[in-house]
Amino acid sequence: MSSPERVRIAPSPTGEMHLGTVRTAIFCWLLARKTGGQFLVRIEDTDRNRFVEGSAERILEALAWLGLEADEGAYLKDGAYAEKGPHGPYTQSQNLPMYQEIAQQLLDGGHAYRCFATAEELEQMRSEQQARGELPRYDRRYRTLPCEESDARAAAGESFVIRQALPLDREVVVHDRIRGELRFNTRDLDDHVLLKSDGFPTYHLASVVDDHRMEITTVIRGEEWLPSLPKNALLYEALGWEAPAFAHVPVILGQDKSKLSKRHGARPTLDYRGMGYLPDALVNTLVFLGWSPGTEQEFFTRDELIASFSMERVNPAPAVFDAQRLDYVNGWYIRHLPLSELAHEVANRLRVDVSDERVLRVTQATQERLKRLDEIPEVCGWAVTAPLVNDELRGIVTPKKRAWEEVRQILVEVTEVLEAVDSWTAESLETALRSLVSEERKTGDVFWPVRAAVTGLPASPGAFESLWVLGKEESLVRLRNLL
Ligand code: GLU
């Protein structure tokens, strides 16, 4: 058994939680569970321009809904933002003095320097580079500014950022748990900003400081962060800290192999709750984006996932999200819900009391066909709301090439036969209705109008089942109303 892993997700509260972050959270959660470690949630809110009020809370709500709550860090307590654990604060904006202190430490050690370039100066530098046909990048112009001058300008109140002084020409070799050994050269890297002029750290500084102080053992993050890897490694080195392991999980694409978006049916995570997807279905679909169990097994309980999961089975190749597969998986999980649990959903969504016998019966009759819980009003609503008697209903009840009068006659006979049925089971209802079937009158001629008459729907469970769901009294009321 491997040693306990401390892993985290570090979402930025810039909007809704995307499926990519959920997928990372699933991998983290599984690795933590598997190794008896901890799953942490940290809020990276250092980009004040992109901050969205309420975003952190919605991210935490999504995690709670999915059953991926943090062992440590940010979580929702009675609907409000809260933190737990000994390494707080877990929201970066609450910890500014620490990042500033560490930036100062880097300055003192010669691993960082102040850059006084104004926005206009940087813009001009960029356009000159472009005019020369060069790639735009920071040209390190303030790196050689003498310390005394730098200190004096800062003391005089001039605005500055702090940049990391990367070694100028050095190969950096970093191991990735998914991609193996990766080599970079600092020639290709910029002296990026660590501390902004507003005193806020950038991701580069804050994530390293926090991963270190939160004792993260493996940084699991999206592939888009790979370019940060050599910079992170050099920052750990400059600070004299042991670096965690890294694992960059593959990018998620849509069916057409372009970056996953709304166009491919991807939605903000909490939307899936509203649309009637089950947490297990979303987790089970997303865990396959990059990971595979190495067996044919398609559906997993959480415990089975924990038992099967390993970082070694995460593949670096881009993963493709398939919204249709999510529907298929969701249908499977709905079919496997305990009846009473699904009946509660049905009662909630139909706004009726779950003790209503018809709720349980309609749940049983429709469980096989539900793909999403938001279909419940459409698929189950007839059980509690009688169809309106009008031409539309007569149209649905009357098969093509038949006349309403003809169908009406059949329904009169059906009503008489049903009145005599004592034990209201699907079997005795079937026997009763079959007694009306003859050479000239096919089963469909009898069953279709009955089913359509009591449900008011073009598609629903069959005649005996529908009658059984409604019970004798309600079935007869509906038939008589129509007649
Ligand atoms: N704040 C970063 C994001 O939202 C976190 C990346 C990471 O996991 O280190 O993408």
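Quick caveat, the model's predicted, so the values are computed rather than measured. Think of each chain on its own: its residues are numbered from 1, step by step along the sequence as written. Residue-level local features of this predicted model are given only where pLDDT is at least 70; pairs of side-chain atoms are given and counted only at 80 or more, and the full residue set underlies all totals for whole chains, interfaces and linings. Heavy atoms from the whole structure form the basis of all side-chain values; hydrogens and water molecules are not counted.

Novice: Let's hear about the overall build of the protein: which residues, and what values?
Specialist: Helix numbers and strand numbers start at the N terminus; a helix is a DSSP run of H or I with at least 4 residues, a strand a run of E with at least 2. Broken down by element type, the protein carries 19 helices and 13 strands. When we talk radius of gyration, it's over C-alpha atoms, and the globule rule is simply 2.2 Å times the number of residues to the 0.38. Computed over the C-alpha atoms, the radius of gyration of the protein is 32 Å, more than 25% above the 23 Å expected from 2.2 N^0.38 for a compact globule of 483 residues. Here the C-alpha coordinates of the protein stretch approximately 105 × 50 × 40 Å along the principal axes. Of all 483 residues assigned to the protein, the portion counted as buried reaches 49%. Residue contacts are counted whenever heavy atoms from the two residues lie within 4.5 Å of one another. Long-range contacts, defined as pairs at least 24 residues apart, comprise 72% of the intrachain contacts of the protein with a sequence gap of at least 6. Approximately 22,800 Å² of the protein is accessible, and the part contributed by carbon and sulfur atoms is 50%. For the protein, the distance from the average site of its 58 positive side-chain charges to the average site of its 75 negative ones is 3 Å. When a residue's accessible area, from a 1.4 Å probe over protein chains only, is under 20% of the maximum for its type it is buried; when over 50% it is exposed; and in between it is partly exposed. Using a 1.4 Å probe, accessible areas were evaluated by the Shrake-Rupley method; residue-level cover was limited to the displayed protein chains. In summary, the charge assignment counts Lys and Arg as positive and Asp and Glu as negative, without counting His or the chain termini. Each charge is placed at NZ for Lys, CZ for Arg, CG for Asp and CD for Glu.

Novice: So what's going on with the pairing of strand β7 (residues 171–176)? Residues and values would help.
Specialist: Covered by surrounding structure in β7 are Val172, Val174 and Asp176 only, the residues Glu171, Val173 and His175 on the alternate face being uncovered. Inspection of the sheet shows β7 paired to strand β8 (residues 180–185) by six bridges, in the antiparallel sense. Its bridge partner being in β8, His175 is matched across the sheet by Glu181. Two strands pair under a simple rule: DSSP has to find at least two bridges between them.

Novice: Break down the site of the ligand for me, with residues and values.
Specialist: Nearness here has a simple test: a residue counts as near a molecule or strand if at least one of its heavy atoms is within 4 Å of that partner. Taken together, the neighbourhood of the ligand is formed by Arg8, Ala10, Pro11, Ser12, Glu44, Tyr203, Arg221 and Trp225. Polar contact is defined as a pair of N or O atoms within 3.5 Å, subject to the rule that within protein one atom must be able to donate a hydrogen and the other to accept it, and that residues adjacent in sequence are counted only when both atoms are side-chain atoms. Separating a nitrogen atom of the ligand from a backbone N or O atom of Ala10 is a distance of 2.8 Å. Interatomic distance of 2.6 Å between a side-chain N/O atom of Glu44 and a nitrogen atom of the ligand. A total of 290 Å² of accessible area belongs to the ligand in isolation, and the protein chains cover 81% of it. Grid spacing is 1 Å over the protein atoms alone, the probe is 1.4 Å, and a cavity is where that probe fits but cannot get out, while a pocket is an open set with protein on both sides within 12 Å along at least five of seven lines and lining residues have an atom within 4 Å of a point. Those molecules having more than half of their atoms within 2 Å of a cavity or pocket grid point set are described as sitting in that cavity or pocket. Spatially, the ligand is embedded in the largest pocket. When its residues are assigned to classes, the shell around the ligand shows four nonpolar, one polar and three charged. In this classification, the charged set is Asp, Glu, Lys and Arg, the nonpolar set is Ala, Val, Leu, Ile, Met, Phe, Trp, Tyr, Cys and Pro, and all remaining amino acids, among them Gly, are polar.

Novice: Which residues make up the pattern of salt bridges, and what are the values?
Specialist: Whenever Lys or Arg places a side-chain nitrogen within 4 Å of a carboxyl oxygen from Asp or Glu, that contact is recorded as a salt bridge. Throughout the structure, instances matching the rule amount to 41 salt bridges. Note that Arg42 and Asp210 form a salt bridge whose closest N and O atoms lie 3.8 Å from each other. Highlighted residues: Arg42 in the loop between β2 (38–41) and α2 (55–65) and Asp210 in helix α6 (residues 203–213), separated in sequence by 168 residues. Judged by relative accessible area, which is 0%, Arg42 ranks as buried. Between Arg349 and Glu345 there is a salt bridge; the shortest N-O distance is 3.1 Å. Pair noted here: Arg349 and Glu345 are both in helix α12 (residues 339–350), with a separation of four residues, about one helical turn. For Arg349, a relative accessible area of 27% puts it in the partly exposed group.

Novice: I'd like a rundown of the packing of aromatic side chains, residues and numbers included.
Specialist: Working definition: rings of Phe, Tyr and Trp (its six-membered ring) pair if their centres are within 6.5 Å, and the pair is stacked with planes under 30 degrees apart, edge-to-face with planes over 60 apart, and tilted otherwise. This model, assessed by the stated rule, comprises 14 aromatic pairs. With a centroid separation of 5.9 Å and an interplanar angle of 35°, the aromatic rings of Trp291 and Phe309 are classed as tilted. One end of the pair, Trp291, is in the loop between α9 (279–286) and α10 (302–308); the other, Phe309, is in the loop between α10 and β13 (319–320), and 18 residues separate them in sequence. We classify Trp291 as buried; its relative accessible area is 1%. On the accessibility criterion, Phe309 (1% relative accessible area) is buried. An aromatic cluster of three or more residues is present, and its members are Phe27, Phe288, Trp291, Phe300 and Phe309. Criterion for a charge above a ring: Arg CZ or Lys NZ at most 6 Å from the ring centre, at most 35 degrees from the ring normal. One cation-aromatic arrangement involves Arg163 over Tyr138; the distance from NZ or CZ to the ring centre is 3.5 Å.

Novice: Tell me what's going on with the packing of helix α13 (residues 357–366) against helix α19 (residues 463–482), and back it up with residues and numbers.
Specialist: Here an axis means a line fitted to C-alpha atoms, over the contact stretch when the element is a helix, while the angle between two N-to-C directions is reported on a 0 to 180 degree scale. Look at α13 against α19: their axes get within 7 Å of each other, and the N-to-C directions meet at 135°. On the basis of their axis angle, the class for α13 and α19 is oblique. Side by side, α13 and α19 meet where Arg358, Arg361, Val362, Gln364 and Ala365 of the first sit next to Glu465, Trp468, Val469, Leu470, Gly471, Glu474 and Arg478 of the second. Grouping the amino acids of the contact of α13 with α19 by side-chain chemistry returns five nonpolar, two polar and five charged. With respect to orientation, any angle under 35 degrees is reported as roughly parallel, any angle over 145 as roughly antiparallel, any angle of 65 to 115 as roughly perpendicular, and every other angle as oblique.

Novice: So what about the environment of Leu239? Which residues, and what values?
Specialist: For Leu239, the position within the fold is in helix α7 (residues 229–239). Separated by 109 residues in sequence, Leu239 and Asn348 have C-alpha atoms that sit 55 Å apart. Here Leu239 is in contact with Ile102, Gln105, Leu106 and Val208, once residues within four sequence places are set aside.

Novice: Which residues make up helix α17 (residues 426–434), and what values go with them?
Specialist: When we look at burial in α17, the residues that qualify are Leu429, Ala432 and Leu433. For α17, the angular spread of buried residues about the axis comes to 95°, placing them on one side. Seen from the buried face of α17, the exposed residues on the opposite side, beyond 90 degrees, are Glu427 and Thr431. Turning to α17, the residues buried within the fold contact α16 (404–419), α18 (443–455) and α19. Working note: the arc is built from the helix axis to C-beta atom directions.

Novice: Describe α7, with residues and values.
Specialist: With respect to burial, α7 is a largely interior element, nine of its 11 residues being buried. Of the residues making up α7, those classed as buried are Leu229, Pro230, Lys231, Asn232, Ala233, Leu234, Leu235, Tyr236 and Leu239. Phi turns positive one or two residues past the end of α7, at Gly240, with a value near 70°.

Novice: Any chance you could break down the sheet that holds strand β9 (residues 193–195) for me, citing the residues and the numbers?
Specialist: One open sheet holds the three strands; their spatial order is β5-β6-β9, and the pairing between them is antiparallel. Each edge of the sheet is formed by a strand with only one pairing partner; in this case those strands are β5 (112–115) and β9. Across the sheet, the mean angle from the axis of one strand to that of its neighbour is 45°, orientation sign disregarded. Pairing analysis gives two bridges linking strand β6 (residues 161–164) to β9, with the strands arranged antiparallel. Opposite Arg163, over in β9, you have Val193 as the bridge partner.

That is the geometry; function is a separate question.
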